[in-house]
Amino acid sequence: MWQALYDELEARSFIVISVALDSGGPAKTEQWIRAAKATHPSLIDERHATAALYGVVNVPSAVWIDETGRIVRPTETAGSSDAFRTEIDRATKQMSARGLAERERVRRAYVDALRDWAVTGTASPYALPEAAARRRLPPSSDEHALAAANFRLGQYLHASGHAQAAAPYLAEARRLHPESWSYRRQTWELEEPGKAGGAEFWAAVDALGDRPYYSPTVLEA
């Protein structure tokens, strides 16, 4: 999707920068980037610095930044919906026809809005004025900063071969910033390969109840 949009709009000075938030680094992500044959910048953020800077708590998320460096739309869900919670077979990982249609509808609406902004700039109804963009900035707190520090220390210890010593720091990152599914999934995967998409993940998703996993994107101001 992103490569197609980049190909379409590159002549308008539109640039896609994709960032993989993955503590596994190139060993875990490079194959997917190469398979996509991306010609736009594709980065691998092992330390989750992007998440800390922009308040990313789940993927896929996106931030719109204009040519002056102003954030036009802060971090938000980028074309995904909660249909996967009810429309996927958890054993086969196959989505139902209804779920696929819903995913396509949400994705198309998001891409169409992004395309409109790339073409019409500040005249686009999806380009948020500065005050509206500020209101949508994700919250930040001392707990979030401490979670980032614990996550980083846990990563360092794990990469240094001290998985047992890393475990309490990874768990503390989850506790301090429970809204961050990126921390949850990354720390689970460091603890045990496959855990990020296993029973513990689905139990946490189910525990949300009526709360969304992917917060709905409000496209217009």
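One numbering rule holds for all chains: residues counted from 1, following each sequence as written. Thresholds applied to this predicted model are a pLDDT of at least 70 for local features of residues and 80 or more for the giving and counting of side-chain atom pairs; totals over whole chains, interfaces and linings are not thresholded and use all residues. Water and hydrogen atoms were dropped before computing side-chain values, which therefore reflect all heavy atoms in the structure.

> How would you explain the overall build of the chain if you had to name every residue and give the values?
Runs of H or I in DSSP of at least four residues are treated as helices and runs of E of at least two as strands, each being numbered from the N terminus. For the chain, the count of helices and strands is 10 helices and six strands. Note on method: radius of gyration uses C-alpha positions; expected globular size equals 2.2 Å times residues raised to 0.38. By the compact-globule yardstick of 17 Å for 221 residues, the chain fits well, its C-alpha radius of gyration being 18 Å. Dimensions of the chain, computed from C-alpha atoms along their principal axes, come out at roughly 55 × 40 × 35 Å. Going through the 221 residues of the chain one by one, you find that 37% of them count as buried. The contact definition used throughout considers only heavy atoms, calling two residues in contact when any of these lie within 4.5 Å. Taking contacts inside the chain between residues at least 6 apart in sequence as the whole, the part at least 24 apart equals 60%. Per-residue and other accessible areas were derived by the Shrake-Rupley procedure at a 1.4 Å probe size, with only the shown protein chains allowed to occlude residues. Looking at the chain as shown, the accessible area adds up to about 12,900 Å², and 55% of this sits on carbon and sulfur atoms. Counting rule applied: Lys, Arg positive; Asp, Glu negative; His and chain ends not counted. Note that the charge is assigned to NZ on lysines, CZ on arginines, CG on aspartates and CD on glutamates. Computed over 26 positive and 29 negative side-chain charges, the separation of the two mean positions in the chain equals 2 Å. Only protein chains enter the area calculation, which uses a 1.4 Å probe; residues under 20% of their type maximum are buried, those over 50% are exposed, and those in between are partly exposed.

> How would you summarise the packing of aromatic side chains if you had to cite specific residues and measurements?
Any pair of Phe, Tyr and Trp rings, taking the six-membered ring for Trp, is counted once the centres come within 6.5 Å. Such a pair is stacked with planes under 30 degrees apart, edge-to-face with planes over 60 apart, and tilted for the rest. A complete count under the given rule lists 11 aromatic pairs for this structure. With a centroid separation of 6.1 Å and an interplanar angle of 65°, the aromatic rings of Trp64 and Tyr110 are classed as edge-to-face. Taken as a pair, Trp64 in strand β3 (residues 61-65) and Tyr110 in helix α5 (residues 97-120) lie far apart in primary sequence, 46 residues in all. Each member of the pair, Trp64 as well as Tyr110, is classed as buried. Between Tyr213 and Tyr214, the aromatic rings sit 4.8 Å apart at their centres with planes inclined by 75°, giving edge-to-face as the arrangement. With relative accessibility at 5%, the residue Tyr213 sits in the buried group. Placement of a positive charge over a ring is assigned whenever Lys NZ or Arg CZ falls within 6 Å of the ring centre and within 35 degrees of the normal to the ring plane. The residue whose ring lies beneath Arg184 is Trp181, and the NZ or CZ to ring-centre distance is 4.3 Å. We note Arg185 situated over the ring of Phe201; from NZ or CZ to the ring centre the distance is 4.8 Å.

> Lay out a nonpolar patch on the surface with the relevant residues and their values.
Only residues whose relative accessible area exceeds 30% and that take part in no salt bridge are eligible for patches, with like-charged residues grouped when within 9 Å of each other and nonpolar side chains (Val, Leu, Ile, Met, Phe, Trp, Tyr) grouped when within 5 Å. Put simply, a salt bridge is a Lys or Arg side-chain nitrogen that is within 4 Å of an Asp or Glu carboxyl oxygen. Together, Ile15, Ile17, Val19 and Leu43 make up a nonpolar patch on the protein surface, roughly 360 Å² of accessible area in all. Relative to the assigned elements, Ile15 resides in the loop between α1 (2-9) and β1 (18-21). The class for Ile15 is exposed, based on a relative accessible area of 55%.

> Quick one: what's the story with the nonpolar core, residue by residue and with numbers?
Generally speaking, nonpolar side chains in soluble globular proteins are found buried as a group. The criterion is simple. A nonpolar core is a set of buried Ala, Val, Leu, Ile, Met, Phe, Trp, Tyr and Cys residues joined through side-chain atoms within 4.5 Å. Within the largest apolar cluster, 18 residues are counted, with the highest numbers of intra-cluster contacts made by Leu5, Phe14, Trp64, Tyr110, Leu114 and Trp117. Listed by contribution, the elements that provide at least two residues to this core are α1, β3 and α5. With six residues, α5 is the single largest residue contributor to this core. Contacts of Leu114, omitting those with residues within four sequence positions, involve Trp2, Leu5, Phe14 and Trp64. Formed by 11 residues, the second largest nonpolar core is a distinct cluster that contains Phe84, Trp181, Val205 and Leu208.

> Outline the packing of helix α7 (residues 142-159) against helix α9 (residues 181-191), supporting the account with residue identities and numerical values.
Each pair of packed helices gets described by two things: the angle between the helix axes and the distance between those axes. Between α7 and α9, the shortest axis-to-axis distance is 11 Å and the interhelical angle comes to 20°. Between α7 and α9, the angle falls in the class roughly parallel. As for how α7 packs across α9, the hand of that crossing is left-handed. Between α7 and α9, the contacting residues are Ala147, Ala148, Phe151, Gln155 and His158 on the first element and Tyr183, Gln186, Thr187 and Leu190 on the second. For this classification, the nonpolar set comprises Ala, Val, Leu, Ile, Met, Phe, Trp, Tyr, Cys and Pro, the charged set comprises Asp, Glu, Lys and Arg, and every other residue, Gly included, is treated as polar. Broken down by class, the residue content of the contact of α7 with α9 amounts to five nonpolar, four polar and no charged. In this description, a line fitted to the C-alpha atoms serves as the axis of each element, helices being fitted only across the stretch in contact, and the angle between N-to-C directions of two axes falls anywhere from 0 to 180 degrees. Should an angle fall under 35 degrees it is called roughly parallel, over 145 degrees roughly antiparallel, and 65 to 115 degrees roughly perpendicular, with every other angle called oblique. Each crossing is labelled by how the near helix is turned from the far one, with a counterclockwise turn of less than a right angle marking it left-handed and a clockwise turn marking it right-handed.

> Outline the pairing of β3, supporting the account with residue identities and numerical values.
Taking every second residue as pointing to the same face, the buried face of β3 carries Ala62 and Trp64, while none of Ser61, Val63 and Ile65 on the other face is buried. DSSP bridges decide pairing: two strands pair if at least two such bridges lie between them. Sheet topology places β3 next to strand β4 (residues 71-77); four bridges connect them, and they run antiparallel. The residue of β4 that forms the bridge with Ala62 is Glu76. The antiparallel pairing of β3 with β4 creates a hairpin that spans five residues between the two strands, and Gly69 there sits at a positive phi of about 95°.

> I'd love a proper account of unusual backbone geometry, names of residues and values included.
Of note, the bond from Val59 into Pro60 is cis; its omega dihedral lies within 30 degrees of zero at 0°. Within the fold, Pro60 resides in the loop between α3 (49-54) and β3. The phi torsion at Ser13 lies on the positive side, around 65°, for a residue other than glycine. With respect to the element layout, Ser13 can be found in the loop between α1 and β1.

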